[in-house]
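Here is how the chains run, residue by residue.
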Amino acid sequence: MEASNDTQISEFILLGFSEEPELQPIIFGLFLSMYLITVFGNLLIILTVFSDSHLHTPMYFFLSNLSFVDICFISTTIPKMLWNIQTQSKVIIYEGCITQIYFFLLFAVLDIFLLTVMAYDRFVAICHPLHYTIIMNPQICGLLVLVSWIMCILNSLLQSLMMLQLSFCTNVEIPHFFCDLSQMTQLACSDNFLNYMVIYFTTALLGSGALTGILYSYSKIISSIRRITSTQGKYKAFSTCASHLSVVSLFFSTSLGVYFSSAATQNSHSSATASVMYTVVTPMLNPFIYSLRNKDIKGALKRLFVMVSLKREIILGLEKCPSLQGSMPQSQLL
C-alpha cells in the first residue's frame, strides 16, 4: 500500500510511431505539412462562410463550427508531438496529459455531435422544405450548437475527473503519440474498473445516440428522394447533402476501423498509426470535400479570391500613382 502512495509519477513518456532517429525528420515534416494544411483549409472555410452573405444559412453556420472544432481537435495532439520531435524529448507532464485528454475528448465528441446536427439540418431541408426556415431558425441553430458544447464539456470533465482518481506507478510509457484515454487507463496501478465502466457507458450513450440520429436522418432523406419523380429533382436533393454524407462516412469508417483493428491486433503501435486516420487525416480532408463537392462553397471561394485580387490590384495601382489616392473614396481604400 505504501508503494502506491510513494511512487505516484509526475510525467509520462510518449513513444510515438517510431524510435528510429533517421525517421524522425520524415515524421516531423509529414505531420507539420498535414497540420498546416488542416489549419489553413478550415480557416479558409470559416472565412468564406462569414464573408459571403449567400452562405449565411444554418447549413454553413454548422459547417463553420465544424471547421473551428477540427482546428482545435488537431491542435490538441500534433503541436505537442512536433515539439517533442524537435526537442528530441518524449516527456509529457502529468497535468499536461490530463489536459490533453480533456480537450481531445471535448473536440472529438463535439465533432460527432456537430455531424449529427448537420444530418438533422439536411433532414429538415429535404423532408420538410416548406417549414425549413421556421424549424431551423437562428435561435434553434444557436441552441443546438450550445447544447452540443455543454454536453461535450460535461463528458470531458467527467472523464478527466475519473482519470484523476487513478494512481500511476512504474510503467510510464504510453505507446501512442498523444495521451489516449484507454491507454492511460490501462497503465494505472490502481483499480480502474469504474473508469472502464464510465468509458463504455458514455461511449455507448453518446456514440450510439449520435450514430442512430444520423442513420435515422439519412433513412428519411433517402425515402424522400426516392419519392421525387424527376431525375433532376433527385440529383438536386442528393447534392445538398452529398458533402456532409462524405464527411460522415469518412469520420465513422475511420473511427470504427481504428477500434476494430486495435481490438483485433492488440498492437499499440498499429493502433497509434491507425488513429492518425480520424485524428489527422479526416480534419485535413473535410475542407477539400466541402470545397470540391459543394457548388456554393466553390462559388464563394471564387468570389473571395476575385475580391482579394481586385483589392491587391487597387493597392498596387495606388502605390504606383499616389496622386490618385486622394481622389478615391475612403471605402475603396479599405
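Residues numbered from 1 in each chain as written. Predicted model: local features only at pLDDT ≥ 70, side-chain atom pairs only at ≥ 80, totals over all residues. Heavy atoms only, no water.

The name given to the protein in an unreviewed UniProt entry is Olfactory receptor, with the source organism recorded as Muntiacus muntjak. Turning to the protein, the UniProt record has this under Function (unreviewed entry): "Putative odorant or sperm cell receptor." (UniProt positions renumbered as here; feature names shortened; annotations may be inferred.)

### Let's talk about the packing of aromatic side chains
Applying the stated criterion across every chain yields a total of 17 aromatic pairs. Aromatic pair Phe107 and Trp149: ring centres 6.2 Å apart, planes at 90°, arrangement edge-to-face. Of this pair, Phe107 sits in helix α5 (residues 94-127) while Trp149 sits in helix α7 (residues 138-164); the two residues are 42 residues apart in sequence, bridging distant segments of the chain. Judged by relative accessible area, which is 7%, Phe107 ranks as buried. Following the ring pairs from residue to residue traces out a cluster consisting of Phe17, Phe31, Phe73, Phe104, Phe177 and Phe178. (Phe/Tyr/Trp six-rings, centres within 6.5 Å; stacked < 30°, edge-to-face > 60°. Helix = DSSP H or I, 4+ residues; strand = E, 2+ residues; numbered from the N terminus. Buried < 20%, exposed > 50% of the residue type's maximum accessible area, 1.4 Å probe, protein only.)

### Let's talk about the side chain of Asn137
The topology assignment puts Asn137 in the loop between α6 (132-135) and α7. Among the residues examined, Asn137 registers a relative accessible area of 19% and is labelled buried. Within the structure, the side chain of Asn137 is placed 3.1 Å from the backbone nitrogen of Gln139, a separation counted as a polar contact. A polar contact is formed between the side chain of Asn137 and the backbone nitrogen of Ile140, at a distance of 2.9 Å. (Polar contact = N/O pair within 3.5 Å; in protein donor to acceptor, adjacent residues only side chain to side chain.)

### Here's the deal with the sheet that holds strand β3 (residues 173-174)
In space, the 3 strands of this open sheet follow the order β2-β1-β3, with mixed pairing throughout. Two strands bound the open sheet, and with one partner strand each, they are β2 (91-93) and β3. When strand β1 (residues 11-14) meets β3, the two strands line up parallel, connected through 2 bridges. Pairing of Ile13 across the sheet is with Glu173, part of β3. In this fold α5 packs onto β1, β2 and β3, with an angle of close to 80° to the strand it touches most, β2. (Pairing = 2+ DSSP bridges. Contact = heavy atoms within 4.5 Å. Axes fitted to C-alpha atoms, helices over the stretch in contact; angles between N-to-C directions.)

### Remarks on the UniProt feature "transmembrane region" (unreviewed entry) in the protein
Summarizing the sequence annotation, UniProt attributes the feature "transmembrane region" (unreviewed entry) to residues 26-47, 59-78, 98-120, 140-158, 193-216, 237-260 and 272-292 in the numbering used throughout. Secondary structure across residues 26-47 comprises 100% helix and 0% strand; the distance between its end C-alpha atoms is 31 Å. End-to-end, the C-alpha atoms of residues 193-216 are 34 Å apart, and along that stretch the chain is 100% helix and 0% strand.

### What to know about the packing of helix α3 (residues 58-75) against α7
Packing of α3 against α7 leaves a shortest axis separation of 10 Å and a crossing angle of 25°. Compared by their axis directions, α3 and α7 come out roughly parallel. Here the hand of the crossing between α3 and α7 comes out right-handed. Between α3 and α7, the contacting residues are Pro58, Phe61, Phe62, Asn65, Phe68 and Val69 on the first element and Cys141, Gly142, Leu144, Val145 and Trp149 on the second. For the contact of α3 with α7, the per-class residue count stands at 9 nonpolar, 2 polar and no charged. (Parallel < 35°, antiparallel > 145°, perpendicular 65-115°, else oblique. Left-handed = near helix turned anticlockwise from the far one by under 90°. Nonpolar A, V, L, I, M, F, W, Y, C, P; charged D, E, K, R; others polar.)

### What about the nonpolar core?
Counting residues in each nonpolar core, the largest one holds 74 residues, and the members touching the most others are Phe17, Phe31, Ile78, Met81 and Ile297. Here this core takes 17 residues from α5, the largest share from any one element. Not counting residues up to four positions away in its chain, the partners in contact with Met81 are Phe17, Phe31 and Phe177. Judged by nonpolar contacts, the second largest core, of 20 residues, contains Leu14, Ile98, Ile101 and Phe168. (Core = buried A, V, L, I, M, F, W, Y, C linked by side-chain atoms within 4.5 Å.)

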